[in-house]
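# Summary of structural features
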Amino acid sequence: MQSFLVLLIVFLINGCSDKPAVRHYTEIIVDEKPALPPMVQAADDPHAGLNMSGAMTQPMPTANAHIKDKLTWTTPQGWEQSAGTTMRLASFKLIKDPTAIDCSIVSLGGMAGGLEANLQRWLGQIKLSISDEQLREFIANAKTLKTTSGLDVQLFDFTTLQKANTDGATPTILAAMLTVDEATVFIKMNASIAVTKEQRNAFESLVRSVRAK
Amino acid sequence: MIKPDTLLKLCSSVRITVICLFWLFVLTFWGTVAQVQQGLYVAQERFFYSFFFLAAKWIPVPGGQLILWILFINLVAAAITHFSKLRHWRYIGLKLSHIGLLIYFVSAFVTFHVTEESYVHMAEGEGTNLSSSYEKWEIAYWTDKGDTRKVTAYTLSGIKIGETIPFNSPDFTISVDQFLLNAAAFTKTLPASGVRPLNGSGISLLQPKEVQKEREKNVAGGLFTFKTAKKTESVVLYGAESVPTRLMINGKEYFFSLRRVKKELPFTIRLDDFKVKFHPGTQTAASYESFATLTLPKGGERKTHIYMNNPLTFNAYTLFQASYDVDSQGREYSTLAVVKNTGRILPYIACFVVFFGLALHFLISAFYKRLSKT
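Residues numbered from 1 in each chain as written. Chains lettered and ligands numbered in written order. Predicted model: local features only at pLDDT ≥ 70, side-chain atom pairs only at ≥ 80, totals over all residues. Heavy atoms only, no water.

Looking only at helices and strands, chain A has five helices and 10 strands in total. Split into buried and exposed, the 213 residues of chain A put 46% on the buried side. Long-range contacts, defined as pairs at least 24 residues apart, comprise 55% of the intrachain contacts of chain A with a sequence gap of at least 6. Counting only carbon and sulfur atoms, one obtains 58% of the accessible surface of chain A, whose full area is about 10500 Å². (Helix = DSSP H or I, 4+ residues; strand = E, 2+ residues; numbered from the N terminus. Buried < 20%, exposed > 50% of the residue type's maximum accessible area, 1.4 Å probe, protein only. Contact = heavy atoms within 4.5 Å. Areas by Shrake-Rupley, 256 points an atom, 1.4 Å probe, with all protein chains shown as cover.)

A separate point is the confidence of the model for chain B. Scored by pLDDT, chain B has a mean of 87; 96% of the residues are at 70 or more. Prediction confidence for the complex, expressed as pTM and ipTM, is 0.63 and 0.79 respectively. (pLDDT = per-residue confidence, 0-100.)

Per the stated rule, a full pass over the model turns up 32 aromatic pairs over all chains. Residues W79(A) and F92(A) carry aromatic rings whose centres are separated by 6.1 Å and whose planes lie at 55 degrees to one another, so their mutual orientation is tilted. Of this pair, W79(A) sits in strand β3 (residues 79-82) while F92(A) sits in strand β4 (residues 88-94), and the two are 13 residues apart along the sequence. Just as W79(A) is buried, F92(A) falls in that class too. The rings of Y141(B), F167(B), F172(B), F226(B), Y254(B) and F256(B) are connected pair by pair, giving a single aromatic cluster. (Phe/Tyr/Trp six-rings, centres within 6.5 Å; stacked < 30°, edge-to-face > 60°.)

All names here are of chain B. In this structure, I139, L156, I165, I174, F224 and F256 are the most contacted members of the largest nonpolar core, which totals 32 residues. At the level of secondary structure, the elements contributing two or more residues to this core comprise β4 (126-142), β7 (172-180), β8 (183-186), β10 (221-228), β11 (232-238), β12 (245-249) and β13 (252-278). Sort the elements by how many residues they give to this core and β7 lands first, with five residues. Residues in contact with I139, not counting those within four places in the same chain, are T152, A153, Y154, L156, I165, F167, I174, F224, L237, S257 and L258. (Core = buried A, V, L, I, M, F, W, Y, C linked by side-chain atoms within 4.5 Å.)

Now for the pattern of salt bridges. In this structure the tally under the stated criterion is 13 salt bridges over all chains. Between R246(B) and E253(B) there is a salt bridge; the shortest N-O distance is 3.6 Å. You can call E253(B) buried: its relative accessible area is 18%. Three or more residues joined by partner-sharing salt bridges are found here, namely R23(A), E27(A), E138(B), R149(B) and R259(B). (Salt bridge = Lys/Arg side-chain N within 4 Å of Asp/Glu carboxyl O.)

This paragraph deals with the pairing of strand β18 (residues 332-340) of chain B. Residue and element names in this part refer to chain B. Bridge count for strand β3 (residues 116-123) against β18 is eight bridges, and the pairing is antiparallel. Paired with E116 across the strands is K340, a residue of β18. One ladder, built from nine bridges, connects strand β17 (residues 317-326) with β18; its direction is antiparallel. Looking across to β18, one finds that V326 is bridged to E332. (Pairing = 2+ DSSP bridges.)

Let's shift gears to helix α3 (residues 40-48) of chain B. Residues of α3(B) that are buried include every one of Y41(B), V42(B), A43(B), Q44(B) and F47(B), and no others. Residues of α3(B) that are buried make contact with α2 (14-38), β1 (52-55), α4 (64-83), β3 and β4 of chain B.

In terms of burial, β4(B) is a largely internal element, 15 of the 17 residues being buried. With three bridges joining them, strand β1 (residues 22-31) of chain A and β4(B) adopt antiparallel strand pairing. Paired with V30(A) across the strands is G127(B), a residue of β4(B). Here two bridges tie β3(B) to β4(B), and the two strands are oriented antiparallel to one another.

What follows is about the packing of α4(B) against helix α5 (residues 92-114) of chain B. Residue and element names in this part refer to chain B. Taken N-terminus to C-terminus, the directions of α4 and α5 make an angle of 150 degrees; their axes are 11 Å apart at the nearest point. When the interaxial angle is binned, α4 and α5 end up roughly antiparallel. Like other packed secondary-structure pairs, α4 and α5 cross with a definite hand, here left-handed. Residues Q65, L68, W69, L71, F72, L75, V76 and F83 of α4 touch α5, and the partners they reach there are K95, H98, L101, L102, F105, F109 and F112. Classifying every residue of the contact of α4 with α5 by side-chain character gives 12 nonpolar, two polar and one charged. (Axes fitted to C-alpha atoms, helices over the stretch in contact; angles between N-to-C directions. Parallel < 35°, antiparallel > 145°, perpendicular 65-115°, else oblique. Left-handed = near helix turned anticlockwise from the far one by under 90°. Nonpolar A, V, L, I, M, F, W, Y, C, P; charged D, E, K, R; others polar.)

All names here are of chain B. Residue A56 is not a glycine yet carries a positive backbone phi of 55 degrees. Residue position: A56 is located in the loop between β1 and β2 (59-62). In this structure A56 comes out as exposed when scored by relative accessible area, which is 57%. Even without a glycine there, the phi angle at N250 is positive, about 50 degrees. Mapped onto the fold, N250 is located in the loop between β12 and β13. By relative accessible area, which is 46% here, N250 ends up partly exposed.

The next thing to look at is the sheet that holds β7(B). Residues and elements named next belong to chain B. Overall, antiparallel pairing links the four strands, which are arranged β6-β7-β10-β11 in an open sheet. Taken across any chain shown, the strands that pair with only one partner, and hence form the sheet edges, are β6 (164-165) and β11. Examined bridge by bridge, β6 and β7 share two bridges and lie antiparallel to one another. Looking across to β7, one finds that I165 is bridged to I174.

Turning our attention to the environment of R200(A). Residue and element names in this part refer to chain A. In this fold, R200 is placed in helix α5 (residues 193-208). A sequence separation of 26 residues divides R200 from L174, and the C-alpha atoms of the two residues are 8.1 Å apart. With sequence-adjacent residues up to four places away left out, R200 is seen in contact with D157, T159 and L174.

Written out as structure tokens, the structure reads:
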């Protein structure tokens, strides 16, 4: 009887203790996700190929549907807005030269795949490669501005990563990131360095004009 | 001073049994109805796992665990009191069925203390050998980039500010500056120090949010100080990040993540296909089902189909179809609830012993009466 009681006490003590300890385990990742439909995987999707799955049981917010009714903006002078796509809330082009810029407003739920990952991918789009340290410096030195409605924006000017004597026809990116509710909104302009210099103020005016209802 | 015999007699009262069984009925009904408003896990913890809970915010009411303990004591006391009076062999069936009932209580105790609940969340084509805890968080790191990683992790339950996480790594030490069980993350606002901490997603600030009773809704976040031989850096980790934070330490690439505690499964499960059917003209799911493949560690594959009331059972593990969601790119995800219950065989044993005892008692009674008549 005594030994039974001792065993029971040991069992209870062991069963109730939950002291954390360093654990080691092997994680196997199977990723054979089917390719996305062509419309979604088009080049205009700034998040194509990213793993957007969260670790939570709640559905990942499909931010476009939610944010589309919530955001407004003013199209800069000389620009023309075209209808959005599945991924884009809006697209913009120059009236005088429709192929000179490709600007879009995109919103995604949560952390939107990670800022570093997005920036790395955009760097790849303009064939630039920088170290992790440089990337963090780039993020830390990002210009911040406020929209007219008081939203905080981080502005990423990729021309600062390109050499001063780079040919004006070289592609570059101007990107802005802001958070509305729990969605991350990206405003991104792809253009040549020369056109970017010319359209920088228009881009910033678009960014400043973004309002959340 | 109450004598032991009197106490035993009091404890073995049939009135206690009846009251407890009636209250269990009330709790079962109340808890089932409350699940609709409060959610499954909150209702379970409030009504069934508690000793007491508050009704109408101030009236203490006995919970399921207390009632089960009282019933257990009542049954043991009854067994001690009455069994001594039933020494004749013809009562062996009655005794056996009571022992079976006691095994039920033991199995309830074992199940309560050893059962582990977690979940697996996968998109079609994705697979894993790990399940995630609903409520506990771990800080994990690895250096491998491939499909198989050797992960080192530490559960952050009860972690204190300033505490050093005992990873014992020669390359770094990590101490906790802030840990929030439920946090909101901001990429735009700098902390009061004005220094932007490192983070793979650009998060610069965490703010506490009210901790949700529905534990799976909380998203933890923490600010940590990483010390290496060369420098000291502040790093923010947030539970909803889909990418780990990458740090180069001593020329080696490390990946750090704050995530729900992972538990190894004895197999790798891959979601091959997920199907959902809606009620006509609505967005309300009528049924949803997962088609998955299990890869066993010794080799070999097993196809499985998991849907409502048709869970997958593998050794001590049972996987139930729990929920689903769709991401912004239209990919379907399935969530499977994972229950590991090493004592799952005990209720079957209890059931068998009760059945065998009652059958024996019935047969002996019939046989004994016939013998007595002759």
